[in-house]
Amino acid sequence: MMIAICYFQSPVGYLRLQADDEGLQSLLLNSSPVDEPEVTDPLSHPVLALACQQLQEYFSGSRQEFSVPLSMQGTVFQLAAWQALQRIPYGSTVSYKSIAEQIGRPKAMRAVGMANNRNPVAIIVPCHRVIGANGKLVGYGGGLDMKQWLLDHEHQHAG
(Lines give C-alpha, C1' and ligand atoms only; values in the text may rest on other atoms or scores of the structure.)
Protein backbone atom coordinates (compact mmCIF):
# COMPACT_ATOMS: atom_id res chain seq x y z
CA MET A 1 0.00 0.00 0.00
CA MET A 2 1.46 3.32 -1.06
CA ILE A 3 1.43 6.29 1.32
CA ALA A 4 1.23 9.75 -0.26
CA ILE A 5 1.78 13.08 1.50
CA CYS A 6 1.11 16.66 0.43
CA TYR A 7 0.68 20.09 1.97
CA PHE A 8 -2.31 22.34 1.46
CA GLN A 9 -2.06 26.06 2.13
CA SER A 10 -5.27 27.17 3.82
CA PRO A 11 -6.48 30.38 5.50
CA VAL A 12 -5.64 28.74 8.85
CA GLY A 13 -2.12 27.71 7.84
CA TYR A 14 -0.51 24.76 6.14
CA LEU A 15 -2.28 21.42 6.44
CA ARG A 16 -0.36 18.17 6.00
CA LEU A 17 -2.43 15.48 4.29
CA GLN A 18 -1.51 11.81 4.23
CA ALA A 19 -3.39 9.17 2.25
CA ASP A 20 -3.12 5.55 1.28
CA ASP A 21 -4.86 3.78 -1.60
CA GLU A 22 -8.12 3.55 0.38
CA GLY A 23 -8.50 7.07 1.71
CA LEU A 24 -7.24 9.99 3.73
CA GLN A 25 -5.34 8.81 6.82
CA SER A 26 -4.57 12.18 8.38
CA LEU A 27 -4.93 15.92 8.08
CA LEU A 28 -2.60 17.67 10.50
CA LEU A 29 -2.97 21.33 11.47
CA ASN A 30 -0.20 23.85 11.96
CA SER A 31 2.16 22.01 9.67
CA SER A 32 4.85 23.64 7.65
CA PRO A 33 6.17 22.22 4.42
CA VAL A 34 9.40 20.45 5.10
CA ASP A 35 11.72 18.72 2.73
CA GLU A 36 10.02 15.34 2.95
CA PRO A 37 11.14 13.02 0.18
CA GLU A 38 7.70 11.40 0.23
CA VAL A 39 5.81 14.58 -0.72
CA THR A 40 3.85 13.91 -3.87
CA ASP A 41 2.04 16.10 -6.33
CA PRO A 42 -1.52 15.91 -4.98
CA LEU A 43 -2.88 15.70 -8.51
CA SER A 44 -1.04 12.40 -9.01
CA HIS A 45 -2.91 10.72 -6.14
CA PRO A 46 -6.71 10.51 -6.47
CA VAL A 47 -7.44 10.72 -2.73
CA LEU A 48 -5.13 13.71 -2.19
CA ALA A 49 -6.49 15.42 -5.31
CA LEU A 50 -10.07 15.03 -4.07
CA ALA A 51 -9.17 16.12 -0.52
CA CYS A 52 -7.40 19.26 -1.76
CA GLN A 53 -10.29 20.11 -4.10
CA GLN A 54 -12.85 19.69 -1.31
CA LEU A 55 -10.74 21.70 1.16
CA GLN A 56 -10.46 24.51 -1.40
CA GLU A 57 -14.25 24.48 -1.78
CA TYR A 58 -14.74 24.37 2.00
CA PHE A 59 -12.50 27.37 2.59
CA SER A 60 -14.16 29.30 -0.26
CA GLY A 61 -17.53 28.70 1.43
CA SER A 62 -19.01 26.55 -1.35
CA ARG A 63 -18.71 23.11 0.37
CA GLN A 64 -20.44 22.12 3.59
CA GLU A 65 -19.93 18.34 3.53
CA PHE A 66 -16.89 16.27 2.64
CA SER A 67 -17.06 13.05 0.65
CA VAL A 68 -13.36 12.19 0.44
CA PRO A 69 -12.86 8.56 1.51
CA LEU A 70 -11.21 8.12 4.91
CA SER A 71 -8.75 5.48 6.09
CA MET A 72 -8.46 6.24 9.80
CA GLN A 73 -6.97 3.90 12.38
CA GLY A 74 -8.28 3.90 15.94
CA THR A 75 -10.01 1.94 18.66
CA VAL A 76 -13.64 0.88 18.29
CA PHE A 77 -14.60 3.71 20.68
CA GLN A 78 -12.54 6.31 18.77
CA LEU A 79 -13.99 5.24 15.42
CA ALA A 80 -17.53 5.53 16.84
CA ALA A 81 -16.78 9.00 18.22
CA TRP A 82 -15.23 10.12 14.92
CA GLN A 83 -18.28 8.85 13.01
CA ALA A 84 -20.53 10.86 15.34
CA LEU A 85 -18.43 13.96 14.65
CA GLN A 86 -19.11 13.56 10.94
CA ARG A 87 -22.85 13.83 11.63
CA ILE A 88 -22.61 17.28 13.24
CA PRO A 89 -24.20 19.66 10.75
CA TYR A 90 -22.09 22.38 9.14
CA GLY A 91 -22.30 25.60 11.10
CA SER A 92 -23.55 23.82 14.25
CA THR A 93 -21.94 22.90 17.53
CA VAL A 94 -22.64 20.12 20.02
CA SER A 95 -21.30 19.24 23.45
CA TYR A 96 -19.02 16.36 24.38
CA LYS A 97 -21.97 14.98 26.38
CA SER A 98 -24.12 14.97 23.24
CA ILE A 99 -21.51 12.94 21.33
CA ALA A 100 -21.18 10.53 24.27
CA GLU A 101 -24.97 10.04 24.26
CA GLN A 102 -25.07 9.54 20.48
CA ILE A 103 -22.59 6.67 20.67
CA GLY A 104 -24.42 5.02 23.57
CA ARG A 105 -21.90 5.94 26.28
CA PRO A 106 -23.63 8.85 28.08
CA LYS A 107 -21.07 9.07 30.89
CA ALA A 108 -18.03 8.96 28.60
CA MET A 109 -17.63 12.71 28.02
CA ARG A 110 -13.94 12.66 28.96
CA ALA A 111 -13.28 9.69 26.67
CA VAL A 112 -15.04 11.56 23.85
CA GLY A 113 -12.74 14.51 24.57
CA MET A 114 -9.71 12.23 24.31
CA ALA A 115 -11.03 10.72 21.05
CA ASN A 116 -11.48 14.26 19.72
CA ASN A 117 -7.93 15.05 20.74
CA ARG A 118 -6.70 12.05 18.74
CA ASN A 119 -8.84 12.74 15.66
CA PRO A 120 -6.37 12.17 12.81
CA VAL A 121 -8.38 14.03 10.16
CA ALA A 122 -9.05 17.54 11.45
CA ILE A 123 -11.57 19.82 9.68
CA ILE A 124 -12.94 17.00 7.47
CA VAL A 125 -13.89 15.09 10.63
CA PRO A 126 -15.13 18.27 12.34
CA CYS A 127 -13.95 18.01 15.94
CA HIS A 128 -13.90 21.83 15.94
CA ARG A 129 -17.72 21.69 16.19
CA VAL A 130 -17.58 20.17 19.69
CA ILE A 131 -17.73 22.63 22.58
CA GLY A 132 -18.09 22.50 26.34
CA ALA A 133 -21.50 21.94 27.93
CA ASN A 134 -21.42 25.58 29.06
CA GLY A 135 -21.10 26.73 25.44
CA LYS A 136 -17.43 27.69 25.79
CA LEU A 137 -14.72 26.70 23.37
CA VAL A 138 -12.44 24.11 24.90
CA GLY A 139 -9.35 22.39 23.53
CA TYR A 140 -8.39 22.21 19.89
CA GLY A 141 -5.22 20.87 18.31
CA GLY A 142 -4.85 24.00 16.21
CA GLY A 143 -5.54 26.28 19.16
CA LEU A 144 -8.72 28.04 20.21
CA ASP A 145 -8.17 30.91 17.75
CA MET A 146 -8.25 28.43 14.85
CA LYS A 147 -11.31 26.69 16.31
CA GLN A 148 -13.09 30.05 16.55
CA TRP A 149 -12.05 30.94 12.98
CA LEU A 150 -13.46 27.66 11.63
CA LEU A 151 -16.74 28.07 13.54
CA ASP A 152 -17.07 31.71 12.39
CA HIS A 153 -16.31 30.68 8.79
CA GLU A 154 -19.02 28.01 8.87
CA HIS A 155 -21.54 30.30 10.56
CA GLN A 156 -20.90 32.94 7.88
CA HIS A 157 -21.48 30.45 5.02
CA ALA A 158 -24.27 28.34 6.56
CA GLY A 159 -27.74 28.76 5.30
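Residues numbered from 1 in each chain as written. Predicted model: local features only at pLDDT ≥ 70, side-chain atom pairs only at ≥ 80, totals over all residues. Heavy atoms only, no water.

For the record, the criterion: UniProt positions are given in the numbering used here, feature names are shortened, and annotations may be inferred rather than shown by experiment.
An unreviewed UniProt entry lists the protein under the name Methylated-DNA--protein-cysteine methyltransferase, from Tolumonas auensis. Per UniProt, the protein carries the Subcellular location (unreviewed entry) text "Cytoplasm". The record held by UniProt for the protein lists under Function (unreviewed entry) the comment "Involved in the cellular defense against the biological effects of O6-methylguanine (O6-MeG) and O4-methylthymine (O4-MeT) in DNA. Repairs the methylated nucleobase in DNA by stoichiometrically transferring the methyl group to a cysteine residue in the enzyme. This is a suicide reaction: the enzyme is irreversibly inactivated."

**Details of the domain arrangement of the protein**
The criterion, for reference: Annotation comment: domain bounds sourced from an automatic or database domain assignment. Contact definition: two residues touch when any of their heavy atoms are within 4.5 Å. Put simply, buried area is how much 1.4 Å-probe accessible surface two parts lose in total, over both of them, once they are put together. In the sections that follow, a salt bridge refers to a side-chain nitrogen of Lys or Arg positioned within 4 Å of a carboxyl oxygen of Asp or Glu. Two N or O atoms form a polar contact when they lie within 3.5 Å of each other; inside protein one atom must be a possible hydrogen donor and the other a possible acceptor, and for residues adjacent in sequence the pair counts only when both atoms belong to side chains. Per the convention used, a helix needs a DSSP run of H or I reaching at least four residues, while a strand needs a run of E reaching at least two, with both numbered from the N terminus. Amino acids outside the nonpolar list (Ala, Val, Leu, Ile, Met, Phe, Trp, Tyr, Cys, Pro) and the charged list (Asp, Glu, Lys, Arg) are all regarded as polar, and Gly is one of them.
Here the domain parsing of the protein yields domain 1 (4-60) and domain 2 (76-157). One C-alpha centre belongs to domain 1, the other to domain 2, and the line joining them spans 21 Å. Contacts between the two partners involve 14 residues from domain 1, matched on the other side by 16 residues from domain 2. Approximately 1200 Å² of surface area, both sides summed, lies buried where domain 1 meets domain 2, with 72% of it carried by carbon and sulfur atoms. Our enumeration of links across domain 1 and domain 2 arrives at 0 salt bridges. Linking domain 1 with domain 2 are 4 residue pairs in polar contact (both at pLDDT 80 or more), by the criterion used here. When contributions to the side of domain 1 that touches domain 2 are tallied by element, the ones reaching two or more residues are strand 3 (24-28) and helix 1 (46-60). Tallying contributions element by element places strand 3 first for the side of domain 1 that touches domain 2, with 5 residues. Split into classes, the residues belonging to the side of domain 1 that touches domain 2 amount to 10 nonpolar, 4 polar and no charged.

**Describing the packing of helix 2 (residues 76-85) against helix 4 (residues 109-117)**
Under the convention used in this document: Comment: axis = line fitted to C-alpha atoms, over the contacting stretch for helices; angle = value between 0 and 180 degrees taken between N-to-C directions. Any angle from 65 to 115 degrees is called roughly perpendicular, while one under 35 is roughly parallel, one over 145 is roughly antiparallel, and all others are oblique.
Here helix 2 crosses helix 4 at 80°, and the two axes come no closer than 9 Å. By the angle between their directions, the pair helix 2 and helix 4 is classed as roughly perpendicular. Here helix 2 contributes F77, Q78, A81, W82 and L85 to the contact with helix 4, which in turn contributes A111, V112, A115 and N116. Within the contact of helix 2 with helix 4, the residues separate by chemical class into 7 nonpolar, 2 polar and no charged.

**Notes on the sheet that holds strand 3**
How we decide: When DSSP finds at least two bridges between two strands, those strands are taken to pair.
The strand order 1-2-3 describes an open sheet built from 3 strands, whose pairing is antiparallel. Looking at the sheet topology across the chains shown, the edges are occupied by strand 1 (4-10) and strand 3. Direction aside, neighbouring strands of the sheet carry axes that sit 20° apart on average. Looking at chain direction, strand 1 and strand 2 (residues 13-19) are connected through 7 bridges and run antiparallel. Looking at the pairing, S10 lines up with G13 of strand 2.

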